[in-house]
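Given next are the chains, with one letter for each unit.
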Amino acid sequence: MTTTYDLGTTSLRETNQALHAADVEGEHEITNLAGSHNVAVGLAAPIKVTIHGHVGYFAAGMNQQAEVTIRGNAGQGVAENMMSGTVRVTGNASQSAGATGRGGLLVIDGDAGARCGISMKGIDIVVGGSIGHMSAFMAQRGRLVVRGDAGDALGDSIYEARIYLRGTPKSLGADCVEKQMREEHLTELAGLLKAAGYEGDDPTTYKRFGSARTLYHFTHDNEY
Amino acid sequence: MCGIVGLHLRSPELHPHLGELLTGMLCEMEDRGADSAGIAVYGNQAWSPAGMASISLIDADAAAEEVAATLSTATGVPVTGTQVGNTLLLSGDLESSALLAAVKAAYPDVLIGGFGEDLAVLKGVGSPKALAAAWGLEAAGGWQGVGHTRMATESAVTAAGAHPYAVGPGECLVHNGSFANHASIRRDLREAGVAFDSENDTEVGARFVAHELAGGKGVDEALTDLTRTFDGFYTLLVSNRDSFAVVRDAIACKPAVIAETDDWVAMASEYRALAHLPGIERARIWEPEPEVIYHWSRTAPTAAGKQEVVA
């Protein structure tokens, strides 16, 4: 059974509280968004939520277990601090998509703006289009897959996250370097593409980027 | 925070609805700033009759008839005055520079909201909803409008600190963000003979653009110079009677979204301010890139300009 919440008649708080109920289950739809912020945040159950329209800030933030689909564009901080589950945006996402995420999978079919995956800590992010500047800034863990290009300063001050990029970065950030694509990486990338619904892509057309690890320890030669 | 909205109408059929659409956009951004607000409306006949020079006086402590009579005598041309909320709108059939000079001579301490042809600027302290209602914004027509909702961070909550800053003829600038080096740029502009109304950082941006345009530069060139001169965070909407331009700083953390259809171009801090525009479901919607100047012109309505700044 599908439960539908019309934000024109049901308040956002009531909608989110219904989705937080201890016994929540099944499928849920949210309509009449008009760019609202904080839609479907803090979900913590294996439910399916479909959001029909463009959303504002922090949609599906802090997600655990739920499978959320946003049929539209998302404002800044979509799926920020996700722990587990899946969030899919069928349109474009604004800045800081998947910020600080610790787990789960975020798929953006369109483009993502600046700072995609900033400080990611274990989340997997697959972007169908391109990403903006300063993406994966200080990214610590997890994988960021981009089928298009990247903006300036990709992976600035990156720790141990892995970036797979099919297109070209406008520039690389401090301590981010291209790395060899070994067999294990091709396998990992193929798995991520499949999970995101892009299994048609040839993993060998991607490049891998990550940390040169020169910023891990203080040296007087660090100049940025 | 602060919120910005702007609407550039291409379809003349929408011109009578400008105020109604702009009111919805402005009030939706009240959450981003509710201490003061302002608007600039281009082409509303009741506020800035076509072919006339117009000027907006904010919180003027004098009756409209009295000010109009004083300026009529001073200029030798009939000047009419209308009080709209806290703003006194004056217009007359003369050069806008002559009207401006007459106002400055007769009322040296009054805050001038804006001046030029086809432009009315209204701003003040209070919530956007209350101000829009007091101005009767919903009934305004025109081809272009911008609005700003302020949450003051770096200077006082006063009408002089409210946006827009409309300091050059027909020009208008609204800002979300903060300039870091405004004091030194203000000093340089003062040395070049530019006068200021406030200690507000945004006023420095507006004076800088006006100074560049007065020196013969175009909008694209002036905004390119701005990106090279100003340090800080900014999303700016810069307009004059024929143009509508958006630019963001290199970091681009202050939000902006642009939507475009055959009938209009709109810009706002957040999508929800655009959600109720007619035809939004068919609009092309995107985020402006850092240090790229997006510029539309009424005189070349189909040429959606995008000029990348070469750093």
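Residues numbered from 1 in each chain as written. Chains lettered and ligands numbered in written order. Predicted model: local features only at pLDDT ≥ 70, side-chain atom pairs only at ≥ 80, totals over all residues.

**Student:** Looking at this structure, how should I read the sheet that holds strand 3 (residues 53-58) of chain B?
**Tutor:** By way of backbone hydrogen bonds, the strands of a sheet pair with one another, either parallel or antiparallel. Residue and element names in this part refer to chain B. Taken in spatial order, the 4 strands of this open sheet run 4-5-3-6, and their pairing is antiparallel. A strand with exactly one partner marks an edge of an open sheet, and here the two such strands are strand 4 (79-84) and strand 6 (111-117). Each neighbouring strand pair of the sheet contributes to a mean axis angle of 20°, computed without reference to strand direction. Across the sheet, helix 2 (residues 64-75) touches strand 4 and strand 5 (87-92), and the angle it forms with strand 4 is around 155°. Contacting strand 3, strand 5 and strand 6, helix 3 (residues 96-106) crosses the sheet at an angle of about 160° to strand 6. (Pairing = 2+ DSSP bridges. Helix = DSSP H or I, 4+ residues; strand = E, 2+ residues; numbered from the N terminus. Axes fitted to C-alpha atoms, helices over the stretch in contact; angles between N-to-C directions. Contact = placed C-beta atoms within 7 Å.)

**Student:** Where do I start with the sheet that holds strand 10 (residues 176-179) of chain A in this structure?
**Tutor:** Residues and elements named next belong to chain A. Pairing is mixed in the open sheet, where 11 strands are placed in the order 1-2-3-4-5-6-7-8-9-11-10. Taken across any chain shown, the strands that pair with only one partner, and hence form the sheet edges, are strand 1 (2-6) and strand 10. Across the sheet, the axes of successive neighbouring strands diverge by a mean angle of 15°, strand direction being ignored. Two strands pair when backbone bridges link them, and strand 8 (residues 141-146) and strand 9 (residues 162-165) are joined in this way by 4 bridges, in the parallel orientation. Opposite Leu144, over in strand 9, you have Ile163 as the bridge partner. The sheet strands contacting helix 2 (residues 183-196) are strand 6 (105-108), strand 7 (121-127), strand 8, strand 9 and strand 11 (207-211), and the helix crosses strand 8 at an angle near 70°.

**Student:** Is there a simple way to explain the interface of chain A and chain B in this structure?
**Tutor:** Put simply, an interface is often sized by how much accessible area is lost when its parts join up. On the chain B side, the residues contacting the 12 residues of chain A number 9 residues. Residue classes in the side of chain A that touches chain B are distributed as 2 nonpolar, 10 polar and no charged. (Nonpolar A, V, L, I, M, F, W, Y, C, P; charged D, E, K, R; others polar.)

**Student:** What am I meant to see in the domain arrangement of chain B here?
**Tutor:** All names here are of chain B. Taken domain by domain, chain B consists of domain 1 (3-48 + 122-308) and domain 2 (51-117). Measuring from the centre of the C-alpha atoms in domain 1 to the corresponding centre in domain 2 gives 23 Å. On the domain 2 side, the residues contacting the 19 residues of domain 1 number 17 residues. If you list the elements that add at least two residues to the side of domain 1 that touches domain 2, you get strand 7 (119-125) and helix 4 (128-135). In terms of residue class, the side of domain 1 that touches domain 2 is made up of 12 nonpolar, 4 polar and 3 charged. (Domains from an automatic or database assignment.)

**Student:** Before we go on, may I ask you to explain the pairing of strand 2 (residues 27-31) of chain A in this structure?
**Tutor:** Sheet faces and side chains relate simply in a regular strand, where the side chains alternate between the two faces. Residues and elements named next belong to chain A. The two faces of strand 2 differ: His28 and Ile30 on one face are buried, but Glu27, Glu29 and Thr31 on the other face are not. In this structure, strand 1 lies alongside strand 2, joined through 5 bridges in parallel fashion. Bridge pairing in strand 2 places Asp6 opposite Thr31. The handedness of the strand 1 to strand 2 crossover, carried by helix 1 (residues 12-20), is right-handed. (Buried ≥ 20, exposed ≤ 12 C-beta atoms within 10 Å, placed from the backbone. Right-handed = clockwise from strand over helix to strand, strands pointing away.)

**Student:** I would appreciate a short explanation of the packing of helix 5 (residues 182-191) of chain B against helix 6 (residues 201-214) of chain B in the present structure.
**Tutor:** Packed helix pairs are characterised by how far apart their axes lie and by the angle those axes make with each other. Residues and elements named next belong to chain B. Contact geometry of helix 5 with helix 6 gives a least axis separation of 9 Å together with a crossing angle of 40°. When the interaxial angle is binned, helix 5 and helix 6 end up oblique. The two elements helix 5 and helix 6 meet at a crossing, and its hand is left-handed. Where helix 5 approaches helix 6, its residues His182, Ile185, Arg186 and Leu189 are matched on the opposing element by Asp201, Val204, Arg207, Phe208 and His211. For the contact of helix 5 with helix 6, a count of residues per class yields 4 nonpolar, 2 polar and 3 charged. (Parallel < 35°, antiparallel > 145°, perpendicular 65-115°, else oblique. Left-handed = near helix turned anticlockwise from the far one by under 90°.)

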